[in-house]
Amino acid sequence: MKDIIWSIIGIIIAICGTVYISKLIYLKKKGKLVLAEVISVNEKKDRKGRITAYIHKLRFEIDGKVYEKDDRSGFSQPLKVGEKQLIYVNPTKTESFEYENEVKKNIVITGAMIVIALVFSIKWLLGAF
């Protein structure tokens, strides 16, 4: 029974990874790749006043309309104001965007996580019988 539970946990992880990778692939295929400019950097701090992340406000244009949006990621190192970054933007939900290099990296990492979760599940499932 314990082996079946561990197998189910692996399957749940694989399903969650599949949902996430599907969203990334959708954004890469259907989103618009645009050049965005970093216009400001804000520090996100914890209760003790320590910097935990840097949030960037980006300016980009889609179909002649200019948007200014905060990234949702938060980085350990700030980008420079004025720096240009390629981003994938969901054209129907412009607050939903991801940095191009992050999309590529996250697709690879998530794909590896899905494979490992499936191998994990198969190992525990075979051990149950």
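These remarks concern the structure in this document. Given the structure is predicted, the values throughout are model-derived calculations rather than measurements.

Remarks on the layout of surface pockets
Computed from the structure, the largest pocket encloses a volume of approximately 210 Å³. Surrounding the largest pocket, Tyr20, Lys23, Leu24, Tyr26, Leu27, Arg72, Asn90, Ser96 and Glu98 form its lining. A per-element tally of the lining of the largest pocket places helix α1 (residues 2–30) first, with 5 residues. Here the lining of the largest pocket is composed, by residue class, of 4 nonpolar, 2 polar and 3 charged.

As for the pattern of salt bridges
As enumerated under the stated definition, the model contains 9 salt bridges in all. In this structure, the salt-bridge partner of Glu68 is Arg59, at a minimum N-O distance of 3.0 Å. Under the relative-accessibility criterion, Arg59 is labelled partly exposed at 34%.

Description of the pairing of strand β4 (residues 84–89)
Bridge count for strand β1 (residues 32–45) against β4 is 6 bridges, and the pairing is antiparallel. Looking at β4, one finds that Ala36 is bridged to Gln85. Across 3 bridges, the pairing between β4 and strand β5 (residues 97–99) is antiparallel. From the neighbouring strand, Val89 faces β5, where its bridge partner is Phe97.

Details of the packing of aromatic side chains
All told, the structure shown has 7 aromatic pairs when counted by the stated rule. A connected cluster of aromatic rings, assembled from ring pairs, spans Phe60, Tyr67, Phe75, Phe97 and Tyr99. The residue whose ring lies beneath Lys123 is Trp124, and the NZ or CZ to ring-centre distance is 4.0 Å.

Criteria and cut-off values
- Residues numbered from 1 in each chain as written.
- Predicted model: local features only at pLDDT ≥ 70, side-chain atom pairs only at ≥ 80, totals over all residues.
- Heavy atoms only, no water.
- 1 Å grid on protein atoms, 1.4 Å probe; cavity = no way out; pocket = protein on both sides within 12 Å on 5 of 7 lines; lining within 4 Å.
- Points joined across faces, edges and corners; volume = space filled by probe spheres on them.
- Helix = DSSP H or I, 4+ residues; strand = E, 2+ residues; numbered from the N terminus.
- Nonpolar A, V, L, I, M, F, W, Y, C, P; charged D, E, K, R; others polar.
- Salt bridge = Lys/Arg side-chain N within 4 Å of Asp/Glu carboxyl O.
- Buried < 20%, exposed > 50% of the residue type's maximum accessible area, 1.4 Å probe, protein only.
- Pairing = 2+ DSSP bridges.
- Phe/Tyr/Trp six-rings, centres within 6.5 Å; stacked < 30°, edge-to-face > 60°.
- Lys NZ or Arg CZ within 6 Å of the ring centre and 35° of its normal.

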